[in-house]
Every structure is written in C-alpha cells, then in structure tokens.
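Structure assessment
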Amino acid sequence: MNDKIWLSSPHMGESEFENVKEAFETNWIAPLGPHVDGFERDLASFLGEGVHVAALSSGTAALHLALILLGVGAGDEVICQSMTFSASANPIAYQGATPVFVDSEEETWNMSPEHLEAAIQDRMAKGKKPKAIIVVHLYGMPAQMDCIIPIADRYEIPVVEDAAEALGSSYKGQKLGTFGAMSILSFNGNKIITTSGGGALVSKNEEWIRKSRFLATQARDAAPHYQHSHIGYNYRMSNVCAGIGRGQMEVLTQRVAKRRSNYTFYKEAFANIEAIRFADEPTEDYYSNRWLSTVLIEGAITREDIRLHLEKDNIETRPLWKPMHLQPIFAGVPFYGDGTSERLFEKGLCLPSGSNLAEADLERVAAQLKGLFQ
Ligand SMILES: *Cc1c(COP(=O)(O)O)cnc(C)c1O
C-alpha cells in the first residue's frame, strides 16, 4: 500500500516545539500565560485594522461567545450561510435561537447577497428581525463583502464573520477576520495553521474582547472568593497550545504560498480535462489562502467515482460541505435560496491540500485522477 496522502494535515515549523518546552520549563501549563498573550498580539498585528484578539479553546467557542455578546437568546433568529461546516450553525442552537439559512452564489460559493436581503425582508415581514448574520469564507475564498456589509448595515444587523478557513486570505487588500463586528478563527488540526485545537475571537471593539475573556474564564467577578453574576464558560486557550500557535504564526505566510501553489499545480495538471472545473478568484479583489483546493466535476464520472478511486490508492479526498438546510438536525428551519449550494455539494470535491505535500504526492494524485479520465 502506498503511503497515505491526507486532505490537510498539521505542518509544524521550527519554533513550535521550543515554545512548548518553554511552557513546561516555566510551568505555565494552564489556560493563561505568556504564550497566550503573545499569540493574541501576533494575531492582532498580522490582521491589522486595529483589531483586538482573544485566544480561545476552539473556533466554535469563539462563535458561541460572539452570539452571547450580541445578545442572541431563546426565540431569536440568526441568519447563517447554509453551505458550511456545522460548527458555524451549532452555536445558534446552543443559545436556543433558530438559524435561518441562506444559499450560496456561484462565484465564491459563499453567501448570496441577493438571497440574504430576501431573507432579511421576509423575516422582518413575518415579525422578527434577525439578530446577527454569520458569513463564512469557504475554503479560504472571500465572500462578496462589498455587497454583504452594506446590506447588513442598511438593516442594522451585525455581521459575525466565520473566517475559520480563511486566515491569510484578504479582500481588497484587507485581511479576512477583520470585516465582522466580530470575527472568528480556528486552529483545529486540519486548518491552515493549528494549535492542535483552538480558536480566536477578533473585533475592533476592545470592550467585547475584554468581555469575551471574562466569559471564557468562568465569569469570575472581581472578589477574593468565587463570586459570579454571569453564567461563565471554560473557553480559554491553553498556554501550551498558544506556544504552538506562536510558532505557526512565523510560517503562516509560507503556508499560504504553498497552499496556493498546490491549487496552481492541480489547475495546470487538469487543464485538458474538461469535466474538471476550478473556482478561480473572481477578480483581483479576492485573495484566497487556498486552504483546500476544490474542484467541480461535470459529466459522466462523478465526484464520488473519483473519491472512491483515489481512496483505493490511499489518497484522501472529501465532498464539499453538505449544506445545513439539508442536514437532519436542521430539518424544517427556514431557508432562502435557489439550489446553488445543493448543486455545488453534488459536484464538488476537495483534493489533498496540505502545505506539507511533496511534489511526488501531488504527482501521484494527478496521475491517479488522470487515469480515471483516460
Ligand atoms: C473549523 C471550522 C469551524 C470550527 O472551528 P473549531 O476550531 O473546529 O471549533 C467553524 N466554521 C468553519 C467554517 C470551520 O471550517
């Protein structure tokens, strides 16, 4: 059996292990410490725009705190991109609120501005103004922020930007993760950089970030004894994990460059196969980190044929995210769209995309895939 080629596996640089050792040597083995503060500073300075950052235990925790800070509660509605990972939508349910799902558009595969506005108008006509809009940048591709932000502003609904897959991407020169009233990042093991598991909440509003740190450490009031006037959470990032994160920040730019070169490799390798379509950046305004290289498969050979064929050679691929409005857990919740995300799901495939893939790995994927089309 050939060696396994993973979809997206962790890729450590030079300093991660040194930082972890330092955490051990100084006994900062806790969900606070100098690496946590340092990682927050590294992220804030990378993102720019004057943002503040709270390092947390996961991207999901960051989304949950964002919704709490925006006052989302039982009976509220929150608009969310349908085509995404379930973690984008689950925190809505944690708060006892109802998601309202919005379809994707063809160019970026992200939230359709047209269906977003239709959803807002219809929910308001039905008597409920949505409390927030969760926009996702799938696979690192920026959503159409120039259309989405003005719509959100017009109806005065805050945008929560799910940039879990999009660290290192930018739109019109501005880093993703700085567009939302609040934005979230993920450092799960499969993301472009990882802390083994972790996330961050990002905002220009320092008060929100201060409050998120308070809520993430069990909401302890300032008192010598344990005194609580809010429900708290245990959502802070460990100092050991943050040490890994600091090392990963040193190589982030290289990771983005390699992931983008994976995409270019596939595009050139399959240039002559008409059935394989690529999702290019729509204009120069869009800069994707190419977290995953994704393709659409048209014609007689299906994406499932390809997935099973590559699996036989120990190569991991995955269908695109299955839209949330098609998921059993969200059966019956409102959806606004035209079937675009369903079509993308049926045809779309994620190819091996790790920044640690060797040239020979990419060649092996290309050879196997081309073989199927001959
Ligand atoms: C990974 C991911 C998350 C969740 O992040 P975790 O750190 O795994 O909790 C949320 N949204 C999207 C789009 C993701 O890909």
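Residues numbered from 1 in each chain as written. Predicted model: local features only at pLDDT ≥ 70, side-chain atom pairs only at ≥ 80, totals over all residues. Heavy atoms only, no water.

Under an unreviewed UniProt entry, the name given to the chain is GDP-perosamine synthase, and the source organism is Pontibacter mangrovi. Looking at the Catalytic activity (unreviewed entry) heading of the UniProt record, one finds this comment for the chain: "GDP-alpha-D-perosamine + 2-oxoglutarate = GDP-4-dehydro-alpha-D-rhamnose + L-glutamate". (UniProt positions renumbered as here; feature names shortened; annotations may be inferred.)

A word on the sheet that holds strand β15 (residues 348-351). One open sheet holds the four strands; their spatial order is β10-β12-β15-β13, and the pairing between them is antiparallel. Among the strands making up the open sheet, the edge pair consists of β10 (276-278) and β13 (318-319). Relative to strand β12 (residues 293-297), β10 runs antiparallel, the two sharing three bridges. Looking at the pairing, arginine 277 lines up with leucine 296 of β12. The strands touched by helix α9 (residues 303-312) within the sheet are β12, β13 and β15, with β15 carrying the most contacts at an inclination of about 25°. (Pairing = 2+ DSSP bridges. Helix = DSSP H or I, 4+ residues; strand = E, 2+ residues; numbered from the N terminus. Contact = heavy atoms within 4.5 Å. Axes fitted to C-alpha atoms, helices over the stretch in contact; angles between N-to-C directions.)

Moving on: the pairing of strand β2 (residues 77-81). Burial within β2 is extensive, with five of its five residues counted as buried. Bridge count between β2 and strand β3 (residues 98-102): five bridges; the pairing is parallel. Within β3, the residue paired with cysteine 80 across the bridge is phenylalanine 101. Pairing of β2 with strand β4 (residues 133-136) involves two bridges; the strand directions are parallel. Bridge pairing in β4 links isoleucine 79 to isoleucine 133. (Buried < 20%, exposed > 50% of the residue type's maximum accessible area, 1.4 Å probe, protein only.)

Once that is clear, we can look at the sheet that holds β4. The strand order across the open sheet formed by eight strands is β1-β9-β8-β5-β4-β2-β3-β14, and the pairing between neighbours is mixed. Each end of this open sheet is capped by a strand with a single partner; those strands are β1 (52-56) and β14 (335-336). The pairing of strand β8 (residues 182-186) with strand β9 (residues 199-203) spans four bridges and is classified as antiparallel. Its bridge partner lying in β9, isoleucine 184 is registered against leucine 201.

What the rule picks out here adds up to one cavity of 30 Å³ or more. Estimated volume of the largest cavity: approximately 80 Å³. For the largest cavity, the full set of lining residues is Glu107, Thr108, Trp109, Leu138, Tyr139, Met141, Ala279, Ser288, Arg290, Leu292 and Thr294. When grouped by side-chain class, the residues that make up the lining of the largest cavity number six nonpolar, three polar and two charged. (1 Å grid on protein atoms, 1.4 Å probe; cavity = no way out; pocket = protein on both sides within 12 Å on 5 of 7 lines; lining within 4 Å. Points joined across faces, edges and corners; volume = space filled by probe spheres on them. Nonpolar A, V, L, I, M, F, W, Y, C, P; charged D, E, K, R; others polar.)

This next bit is on the pairing of strand β5 (residues 159-162). Burial of the side chains of β5 extends over both faces: Val159 and Glu161 are buried on one face and Val160 and Asp162 on the other. In this structure, β4 lies alongside β5, joined through four bridges in parallel fashion. Each bridged residue has a counterpart across the sheet, and for isoleucine 134 the counterpart in β5 is valine 160. For the segment spanning β4, helix α6 (residues 145-154) and β5, crossover handedness is right-handed. (Right-handed = clockwise from strand over helix to strand, strands pointing away.)

Glancing now at helix α11 (residues 359-373). In this model, α11 (15 residues) spans 21 Å end to end at C-alpha, consistent with the 21 Å of a helix rising 1.5 Å per residue. For α11, every residue scored as buried is listed here: Leu362, Arg364, Val365, Ala366 and Leu369. In this fold, the buried residues of α11 make contact with α8 (239-269), β10, α9 and β15. (Expected span 1.5 Å × (residues − 1).)

In contact at an axis separation of 7 Å, helix α2 (residues 34-47) and α8 are set at 30° when each is read in the N-to-C sense. Classified by the interaxial angle, the pair formed by α2 and α8 is roughly parallel. The way α2 lies across α8 gives a crossing that is left-handed. Judged by residue contacts, Pro34, His35, Val36, Gly38, Phe39, Asp42, Leu43 and Phe46 of α2 engage Asn239, Ala242, Gly243, Gly245, Arg246, Met249 and Leu252 from α8. Here the contact of α2 with α8 is composed, by residue class, of eight nonpolar, five polar and two charged. (Parallel < 35°, antiparallel > 145°, perpendicular 65-115°, else oblique. Left-handed = near helix turned anticlockwise from the far one by under 90°.)

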